[in-house]
Protein chains: 2
Amino acid sequence: MAAGKYLLYSFLSITTAFALFFAWLHLPSPPLNAAELFDCAAYSPWCTSKSQPTTLDDQNPTRRHDHASDIPHHPLDPLTVQEITQVRSILSSHPLFRSSPFSIHSLVVEEPQKSLVLEWQTGDPLPPRKASVVARVDGKSHVLTVDLTSANVAILRTGPHSGYPTMTAEEMYTATWVPMKSERFNQTILDRGIALSDVSCLPISTGWFGATEENRRLIKVQCYSMKDTANFYMRPIEGLTVLVDLDAQQVIEISDKGKNIPIPKAANTDYRYSAQPPNKVMKLLNPISIEQPKGPSFSVEDEHLVKWANWEFHLKPDPRAGMVISRAKARDPDTGILRDVIYKGFTSELFVPYMDPSDAWYFKTYMDAGEYGFGLQAMSLDPLNDCPRNAYYMDGVFAAVDGKPYVRRNMICLFERYAGDIGWRHAESPITGLDITEVRPKVTLVARMAASVANYDYIVDWEFQTDGLIRIKVGLSGILMVKGTSYENTNQFAGQDLYGTLLSENVIGVIHDHFVTFYLDMDIDGSDNSFVKVNLQRQMTSRGESPRKSYLKAVKKVAKTEKEAQIKLKLYDPSEFHIVNPSVKTRVGNPVGYKVVPAATAASLLDLDDPPQRRGAFTNNQIWVTPYNRSEEWAGGQFVYQSHGEDTLQTWSDRDRGIENRDIVVWYTLGFHHVPCQEDFPIMPTVSASFDLKPVNFFESNPILRFPPNTIEDLPVCKAAASA
Amino acid sequence: MAAGKYLLYSFLSITTAFALFFAWLHLPSPPLNAAELFDCAAYSPWCTSKSQPTTLDDQNPTRRHDHASDIPHHPLDPLTVQEITQVRSILSSHPLFRSSPFSIHSLVVEEPQKSLVLEWQTGDPLPPRKASVVARVDGKSHVLTVDLTSANVAILRTGPHSGYPTMTAEEMYTATWVPMKSERFNQTILDRGIALSDVSCLPISTGWFGATEENRRLIKVQCYSMKDTANFYMRPIEGLTVLVDLDAQQVIEISDKGKNIPIPKAANTDYRYSAQPPNKVMKLLNPISIEQPKGPSFSVEDEHLVKWANWEFHLKPDPRAGMVISRAKARDPDTGILRDVIYKGFTSELFVPYMDPSDAWYFKTYMDAGEYGFGLQAMSLDPLNDCPRNAYYMDGVFAAVDGKPYVRRNMICLFERYAGDIGWRHAESPITGLDITEVRPKVTLVARMAASVANYDYIVDWEFQTDGLIRIKVGLSGILMVKGTSYENTNQFAGQDLYGTLLSENVIGVIHDHFVTFYLDMDIDGSDNSFVKVNLQRQMTSRGESPRKSYLKAVKKVAKTEKEAQIKLKLYDPSEFHIVNPSVKTRVGNPVGYKVVPAATAASLLDLDDPPQRRGAFTNNQIWVTPYNRSEEWAGGQFVYQSHGEDTLQTWSDRDRGIENRDIVVWYTLGFHHVPCQEDFPIMPTVSASFDLKPVNFFESNPILRFPPNTIEDLPVCKAAASA
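Residues numbered from 1 in each chain as written. Chains lettered and ligands numbered in written order. Predicted model: local features only at pLDDT ≥ 70, side-chain atom pairs only at ≥ 80, totals over all residues. Heavy atoms only, no water.

Looking at an unreviewed UniProt entry, one finds chain A named Amine oxidase, with Cucurbita moschata as its source organism. According to its UniProt record, chain A has this under Sequence similarities (unreviewed entry): "Belongs to the copper/topaquinone oxidase family." (UniProt positions renumbered as here; feature names shortened; annotations may be inferred.)

1. A closer look at the overall build of chain A
The helix and strand tally for chain A stands at 10 helices and 34 strands. For 724 residues, the compact-globule estimate of 2.2 N^0.38 gives 27 Å, and the C-alpha radius of gyration of chain A, at 28 Å, lies within 12% of that figure. Dimensions of chain A, computed from the C-alpha atoms along their principal axes, are close to 105 × 65 × 65 Å. Taken over 724 residues, chain A has a buried fraction of 65%. Sequence-distant contacts in chain A: of pairs separated by 6 or more residues, those separated by 24 or more amount to 68%. Taken together, the 72 basic and 85 acidic charged side chains of chain A have centroids lying 3 Å from each other. (Helix = DSSP H or I, 4+ residues; strand = E, 2+ residues; numbered from the N terminus. Rg over C-alpha atoms; globule rule 2.2 N^0.38 Å. Buried < 20%, exposed > 50% of the residue type's maximum accessible area, 1.4 Å probe, protein only. Contact = heavy atoms within 4.5 Å. Lys, Arg positive; Asp, Glu negative; His and termini not counted. Charge placed at Lys NZ, Arg CZ, Asp CG, Glu CD.)

2. A look at the relation of the copies chain A and chain B
Mapping chain A onto chain B calls for a screw motion: a turn of 180° about the axis and a shift of 0.0 Å along it, with 0.0 Å RMSD after fitting. The operation mapping one copy onto its partner corresponds to a two-fold rotation axis. Most of the interface of chain A is mirrored in chain B, where 99% of its interface residues are also at the interface. (Least-squares fit on C-alpha atoms with pLDDT ≥ 70 in both.)

3. Side note on the domain arrangement of chain A
Residue and element names in this part refer to chain A. Per the domain assignment, the segments of chain A are domain 1 (15–33 + 170–271), domain 2 (75–160) and domain 3 (299–711). The C-alpha-based centres of domain 1 and domain 3 are spaced at 36 Å. Taken together, the contacts link 35 residues of domain 1 with 36 residues of domain 3. For the domain 1 face of the interface with domain 3, the top three residues by lost area are W208, F209 and M234, together amounting to 22%. K257 serves as the salt-bridge partner of D359, at 3.8 Å between the closest nitrogen and oxygen. Linking domain 1 with domain 3 are 16 residue pairs in polar contact (both at pLDDT 80 or more), by the criterion used here. Here the element with the most residues in the side of domain 1 that touches domain 3 is strand β8 (residues 218–225); it accounts for 5 residues. Partitioned by chemical class, the residues of the side of domain 1 that touches domain 3 number 17 nonpolar, 10 polar and 8 charged. (Domains from an automatic or database assignment. Buried area = accessible area lost by both parts, 1.4 Å probe. Salt bridge = Lys/Arg side-chain N within 4 Å of Asp/Glu carboxyl O. Polar contact = N/O pair within 3.5 Å; in protein donor to acceptor, adjacent residues only side chain to side chain. Nonpolar A, V, L, I, M, F, W, Y, C, P; charged D, E, K, R; others polar.)

4. As for the environment of V580 of chain B
Residue and element names in this part refer to chain B. If you trace the backbone, V580 turns up in strand β29 (residues 575–585). You can call V580 buried: its relative accessible area is 8%. Sequence separation of V580 and V696 is 116 residues, and the distance between their C-alpha atoms is 8.7 Å. Not counting the four nearest positions on each side in its chain, V580 is found in contact with N529, S530, V532, P591, V592 and G593.

5. Observations regarding the sheet that holds strand β7 (residues 199–204) of chain A
Residue and element names in this part refer to chain A. Pairing is antiparallel across the open sheet formed by 4 strands, whose spatial order is β7-β8-β9-β10. In the strand order of this sheet, the two ends are held by β7 and β10 (250–256), each with one partner. Direction aside, the axes of adjacent strands within the sheet are offset by 30° on average. Bridge count for β7 against β8 is 6 bridges, and the pairing is antiparallel. Bridged to V199 within β8 is S225. (Pairing = 2+ DSSP bridges. Axes fitted to C-alpha atoms, helices over the stretch in contact; angles between N-to-C directions.)

6. A look at the UniProt feature "domain: Copper amine oxidase catalytic" (unreviewed entry) in chain A
Using the residue numbers shown here, the UniProt feature "domain: Copper amine oxidase catalytic" (unreviewed entry) corresponds to residues 289–704 of chain A. Taken end to end, residues 289–704 of chain A is 4% helix and 50% strand, and its first and last C-alpha atoms sit 26 Å apart.

7. Quick notes on the pairing of strand β3 (residues 102–109) of chain A
Residues and elements named next belong to chain A. Most of β3 sits inside the fold, with 6 of its 8 residues counted as buried. In this sheet, strand β4 (residues 130–137) lies alongside β3 in antiparallel orientation, the contact comprising 7 bridges. Residue V109 lies in a different strand from β4, and its bridge partner there is A131.

8. Thoughts on the sheet that holds strand β6 (residues 153–158) of chain B
Residues and elements named next belong to chain B. The sheet built from 4 strands is open, its strands ordered β3-β4-β5-β6 with antiparallel pairing. This sheet does not close on itself; its edge strands, each paired only once, are β3 (102–109) and β6. Here the strands of the sheet are splayed against their neighbours by 25° on average, with no regard to which way each runs. The sheet contact formed by strand β5 (residues 140–147) and β6 spans 5 bridges and is antiparallel. By the bridge assignment for β6, V146 is matched with V153. Its contacts with the sheet put helix α3 (residues 81–92) on β3, β4 (130–137), β5 and β6, and the angle it makes with β5 is roughly 115°.

9. Some words on the UniProt feature "active site" (unreviewed entry) in chain A
Residue and element names in this part refer to chain A. The feature "active site" (unreviewed entry), as annotated in UniProt, sits at D368 and Y456 in this numbering. Annotated residues spanning 89 residues; largest pairwise C-alpha distance 10.4 Å, indicating a single compact cluster. Among the secondary structure elements, D368 is positioned in helix α8 (residues 368–372). Owing to a relative accessible area of 3%, D368 belongs among the buried residues under this scheme. Filtering out sequence-adjacent residues up to four positions away, D368 remains in contact with E349, L350, V352, G373, F374, V453 and Y458. Locating Y456 in the fold gives a position in strand β21 (residues 456–465).

10. A word on the side chain of E576 of chain A
Note on placement: E576 of chain A falls in strand β29 (residues 575–585). Among the polar contacts made by the side chain of E576 of chain A, one reaches the side chain of K595 of chain A at a distance of 3.0 Å. Here E576 of chain A is in contact with V532, K533, V534 and K595 of chain A together with V675 of chain B, once residues within four sequence places are set aside.

11. Focus on the interface of chain A and chain B
Taken residue by residue, the interface counts 197 residues in chain A and 196 residues in chain B. Around 17,200 Å² of area is buried between chain A and chain B when both sides are counted, 59% of it from carbon and sulfur atoms. Area buried by chain A at its contact with chain B is led by I288, R548 and R706 of chain A, which between them contribute 5% of it. Seen at the junction of chain A and chain B, the total is 14 salt bridges. Here D457 of chain A makes a salt bridge to R425 of chain B, at a shortest N to O gap of 2.7 Å. Its residues assigned to classes, the side of chain A that touches chain B comprises 103 nonpolar, 48 polar and 46 charged.

12. Details of the state of the cysteines
Residues and elements named next belong to chain A. Here the structure, examined in full by the defined rule, presents 5 disulfides over all chains. With a sulfur-sulfur separation of 2.1 Å, C387 is cross-linked through a disulfide to C413. For the disulfide bridge between C387 and C413, the dihedral angle about the S-S bond is near -95°, and by the sign convention the bridge is left-handed. You can see C387 sitting in the loop between α8 and β18 (392–399) and its partner C413 sitting in strand β19 (residues 405–427), a full 26 residues away along the chain. Assessed through its relative accessible area of 0%, C387 is described here as buried. (Disulfide = S-S within 2.5 Å.)

13. What about the pattern of salt bridges?
What the rule picks out here adds up to 82 salt bridges over all chains. For D356 of chain A, the salt bridge goes to K483 of chain A, with nearest N and O atoms at 2.6 Å. Taken together, the positions of D356 of chain A in the loop between β16 (338–353) and β17 (365–366) and K483 of chain A in strand β23 (residues 482–484) put the pair 127 residues apart, joining distant regions of the chain. You can call D356 of chain A buried: its relative accessible area is 0%. Taken together, the salt bridges that share partners define one network made up of R417, R448, D461, E463 and K473 of chain A together with D421 of chain B.

14. Concerning the environment of D270 of chain A
Residue position: D270 of chain A is located in the loop between β10 and β11 (289–291). Residue D270 of chain A is classed as buried on the basis of its relative accessible area of 13%. Each C-alpha atom of the pair D270 of chain A and R662 of chain A lies 53 Å from the other, and the pair is 392 residues apart in sequence. Residues contacting D270 of chain A, with those up to four places away along its chain left out, are T229, A230, N231, A275 and Q276 of chain A together with L705 of chain B. One polar contact links D270 of chain A to R272 of chain A, side chain to side chain, over a distance of 2.8 Å.

15. Observations regarding the packing of aromatic side chains
Counted under the stated rule, the structure contains 58 aromatic pairs over all chains. Here F346 of chain B and W634 of chain B contribute two aromatic rings whose centre-to-centre distance is 5.3 Å and whose plane-to-plane angle is 55°, an arrangement assigned as tilted. Of the two residues, F346 of chain B is situated in strand β16 (residues 338–353) and W634 of chain B in the loop between β31 (623–627) and α10 (649–653); the sequence distance between them amounts to 288 residues. Through a chain of ring-to-ring contacts, three or more aromatic side chains come together here, namely F346, Y519, W634, W652 and W667 of chain A. Between the NZ or CZ atom of R339 of chain A and the centre of the ring of F698 of chain A, over which it lies, the distance is 3.8 Å. Across the ring face of F639 of chain B, the terminal group of R157 of chain B is positioned such that the distance to the ring centre comes to 5.2 Å. (Phe/Tyr/Trp six-rings, centres within 6.5 Å; stacked < 30°, edge-to-face > 60°. Lys NZ or Arg CZ within 6 Å of the ring centre and 35° of its normal.)

And the structure:
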């Protein structure tokens with residue numbers, strides 16, 4: 001027995017020693033350093049080009065766009081490659097940047113004052129071009145304005161702030177390799193039977209919960225096994241959380257609480273078409289395509305100015321917001337005049353709290369725009385699948401951590417959408433003696449981007465309709481963030497709360513919410529607008545007034561201050577939400593307006609004092625209205641990372657400023673509760689929700705009355721490609 | 001002065017006499033009698049054919065369908081032309097019909113017992129074919145069953161009932177001409193300066209408000225001026241309401257309270273393309289089309305059995321429901337087996353209360369399916385505009401008032417929809433070192449009909465997705481029911497309640513609601529199912545449990561009886577609504593299910609004791625669940641016309657029967673509040689809302705994982721038709 005024990009001990013020792021030696025030989029290190037991440041020759045998916053900023057259009061191989069020679073044409077145009085290079089050059093000779101290593105967290109055009117933009121007309125010289133820069137130097141965050149003409153650098157704010165700037169892609173990347181520096185980390189990985197070369201890690205923002213997150217920039221790294229699947233997200237190394245100092249890129253703490261939880265199997269998790277068994281591929285559908293034999297009806301002038309049907313707007317990529325729509329104007333069918341609708345609209349912030357209070361999960365309360373950069377995470381779109389044929393693709397030109405420009409190819413697409421829907425119709429019943437069937441097909445224009453914030457994919461559509469309606473839609477797809485468990489069947493945990501759904505053996509899909517908050521600077525026929533709540537109230541009739549006992553009455557109330565416009569939606573106390581220009585009336589005297597039309601949504605139900613909800617307080621209402629203020633664009637505050645929630649839409653709105661007949665900004669939050677189900681495994685079918693901005697007495701009458709119907713002569717003649 | 005008075009008197013007398021004489025000469029009479037209405041040679045829009053029931057497919061001129069030789073193939077198939085003729089022949093020799101004049105209000109297939117249908121398989125002989133007939137004879141309503149094999153007629157119910165059967169098209173038509181029999185009516189028309197030949201009238205259901213509507217079948221007729229426009233709806237002869245006895249087709253009473261209200265002008269009201277000034281036509285868009293060079297991927301077997309991708313279902317037209325989906329089954333990607341999802345689904349009832357308590361408006365509280373026949377009012381669809389290219393069109397075969405069959409051509413269309421949407425996607429951020437972008441386009445199958453209930457058009461879509469989701473969508477278009485007013489500008493009535501919006505000079509769009517209630521007999525992997533409310537509740541953490549104060553917890557509760565499943569939706573007390581089969585579990589033990597996913601909707605806010613709300617009590621909740629009962633299909637009761645609300649979903653559900661692990665029916669009501677705006681004039685851009693039936697642990701995993709992406713080789717090669 002003693003000999004047996006000795007042998008066993010020797011065997012285990014030798015095995016462990018061998019394993020550690022093997023691990024040492026194969027110790028993974030980042031294949032790239034941060035600078036190489038943006039060397040586009042080495043790393044094409046992240047950026048198309050840095051040294052040779054040229055893009056190619058898959059749809060039209062003759063259209064090559066060389067960004068090296070881009071020049072700005074519009075006051076709102078993003079910084080060009082040349083301009084970013086120029087800003088970098090100005091900064092590098094500034095005392096702040098000469099002395100210490102620095103990192104650029106944001107480098108974007110600083111839009112001119114709104115009044116200047118409103119005055120500007122095509123052909124006018126551009127207002128002075130400026131860059132807004134967020135940089136960290138020596139552990140401090142700085143907000144700067146760089147004037148490209150004068151080369152002047154103005155320092156607007158310098159830390160300490162509550163919160164930190166958006167992470168750079170480079171530091172996210174580097175952070176995921178930090179745990180490998182820890183012997184303890186490597187040991188626990190090996191103890192679980194995972195080869196270190198199979199480990200893939202994710203950088204997870206920590207949120208802010210108190211003292212732990214004070215005075216240092218942190219990230220939590222969690223890891224997965226990549227063995228036998230590209231879908232490592234389904235193979236969590238559960239309960240292992242490495243707290244990393246983001247500035248020092250050093251391990252602070254390792255929490256290791258899931259040693260008994262098996263890594264879920266790889267089988268049936270890979271979603272790539274190339275990984276499917278050929279005999280199981282489901283080719284059930286014949287080819288189908290949106291075809292436009294005479295080409296699309298829109299044009300994009302000077303790279304960013306979109307003109308389509310009765311719409312015109314400025315469209316640009318942004319590293320934080322993703323996609324920015326500006327100066328959206330609709331042409332009046334009666335006068336032919338372009339009329340202001342939106343000055344600026346974009347995704348301001350996201351808030352994605354997971355509903356598991358345990359050690360490895362409680363902090364997962366993402367704010368994807370301010371923490372990760374919603375635009376930075378928007379990868380190149382896949383032509384013919386992300387967007388239909390005849391789409392136009394727009395590239396993003398961003399600055400890397402070192403201030404050098406790089407190109408994100410095909411980041412936004414623009415396409416005309418025909419889905420077989422009906423714009424308007426009427427058929428007469430022959431009871432009236434008229435033989436009429438008049439129908440108009442609905443064709444719309446969609447601007448789309450898709451951000452992949454690690455596992456999740458957010459598809460954002462701005463859809464413009466000819467009838468003046470704008471639909472803003474968010475689609476959720478991608479891969480769930482799942483939790484490992486020892487359970488393999490629901491009969492093993494009757495009554496116990498898993499915080500989610502058992503999706504497959506050893507895999508729990510944890511319940512979570514998604515909130516996406518939109519900034520909507522509405523300018524209805526000019527900047528001074530009012531917000532009107534049109535409340536539908538039950539009115540009882542008086543005795544003898546009518547055989548009816550009740551009816552609904554529309555009671556209008558103009559919101560005078562911000563608190564009157566903090567709106568929680570109620571099915572049984574319904575309202576319409578109008579943004580009107582009280583100074584501009586229709587022929588019969590109605591103020592011109594647009595309304596915010598909510599659709600399916602979800603509200604945050606977290607406790608108002610819960611730290612994540614304080615930071616995500618912009619989700620406390622579905623609608624807010626604030627007076628226009630240049631500094632209030634990001635609903636969670638400018639520096640969201642580890643913020644305390646001191647600078648949110650809630651705090652601004654609680655100042656209760658006047659909003660009547662003023663330049664106002666409307667905020668709308670789209671929400672989703674997500675209780676995962678097995679169909680979400682191993683990748684989720686898209687779930688979408690939307691809201692509309694709809695003209696309400698904006699036009700004198702139906703603006704698409706005079707659009708023609710389809711006739712067979714208009715449609716293309718097609719044949720299958722194989723027979724072409 | 002006396003002479004002056006005498007002259008004036010003489011002049012007025014002579015003028016009046018002349019006017020009356022002129023009116024007599026031009027007294028309009030119906031161009032058709034009721035029998036002629038369905039003479040298809042004379043009246044093509046209403047029916048395509050009665051004597052020669054043949055249809056032609058616009059899309060495929062070689063496909064001609066001769067209904068004369070149709071035979072039934074499936075137990076649920078509608079009655080064929082031959083069968084309707086046979087039923088008529090059986091009835092005409094029955095004592096009930098031999099003695100007196102009769103009218104057929106409904107003549108449809110009586111579906112066999114559910115158990116027989118479930119047992120039946122392709123190739124089996126059909127269960128005995130029966131017709132369900134609603135007929136009025138001698139002022140009494142009868143519900144009969146006619147056995148086509150035995151020629152037996154069983155009388156199931158004979159009046160008096162609360163309520164009357166659905167009106168026939170013929171009596172609606174005749175009723176609109178009844179006012180012309182009245183000299184007083186003609187006089188008031190002339191007094192308003194309208195030629196009698198310009199008058200067009202609508203048959204408006206009276207609802208039920210008490211003694212007035214007791215013991216006689218009534219209709220209210222209101223009229224419009226057709227002068228100078230096809231859109232007479234915009235030219236109401238306001239305040240003039242003629243109460244007509246529907247059986248006697250006689251005027252009972254005339255209410256004439258709008259003499260001082262001008263008829264709104266005709267200018268800018270015509271919506272027909274042919275009526276637009278050619279120089280104002282807006283051709284802003286290039287042609288666009290959904291193209292399928294290898295044809296659509298669906299097939300329709302035996303006229304009604306639809307097979308597409310992983311779906312199979314039975315589709316048929318119905319005079320009351322419009323469109324009926326039966327036996328919808330989804331093919332399991334793992335086993336290849338077709339699995340039950342829906343036994344039967346259709347539009348059960350509509351409720352459209354207007355919000356104006358005054359004399360000419362209070363009674364407008366339509367129940368379009370039971371009063372007018374939602375299918376009877378579904379006119380022929382307009383190919384290329386109502387439905388895209390490659391659509392398949394299905395005809396309705398219905399019985400006229402005399403029991404003769406007629407064909408409604410192209411009443412339903414079926415098409416594949418590709419809108420540039422994304423089925424699922426994921427792109428990897430290069431942070432993880434993987435170069436992956438996998439995207440699948442979303443293609444769906446839509447079954448569509450459009451009912452034109454007088455002015456309004458309802459577009460109903462059942463959209464089947466490959467991922468198992470079914471979206472049921474209702475679009476509202478057509479023309480507002482408007483009210484005449486003396487006002488021409490909002491500055492003339494400050495503060496006064498118009499019950500709506502001034503849309504144009506002298507035109508008010510009256511506020512109203514639309515509710516559309518769907519019957520959904522869900523059979524998830526078999527008939528015995530349970531309804532589970534998955535309530536998301538805020539859970540506070542205990543001290544020291546977590547840095548988080550709160551999270552959301554899913555609390556499941558099985559509804560044991562009907563009252564536990566009377567659901568009012570609440571944004572701040574959210575639930576998921578699952579229909580599960582407790583006896584069938586997934587591999588990891590979740591019960592298989594589907595969930596009802598509400599989206600934008602509106603609730604009825606009328607007083608519960610208001611007579612219209614008592615009749616429309618099925619809108620008192622958004623969701624109800626009842627045990628399956630053959631006699632409970634119509635949410636407002638079988639005989640809705642002038643009903644008292646004694647036989648509604650509310651009364652059935654209040655019996656509080658058991659619904660756990662039983663054959664259950666789910667009811668969902670989609671609601672719209674409509675505060676009209678000027679853009680709705682003179683015809684409304686479509687407004688849509690929908691809800692989903694979504695698999696939830698029905699499949700083991702994402703059922704579209706193995707669908708291929710689009711590649712350029714799959715897509716068609718097209719050219720403009722002009723250059724073809």
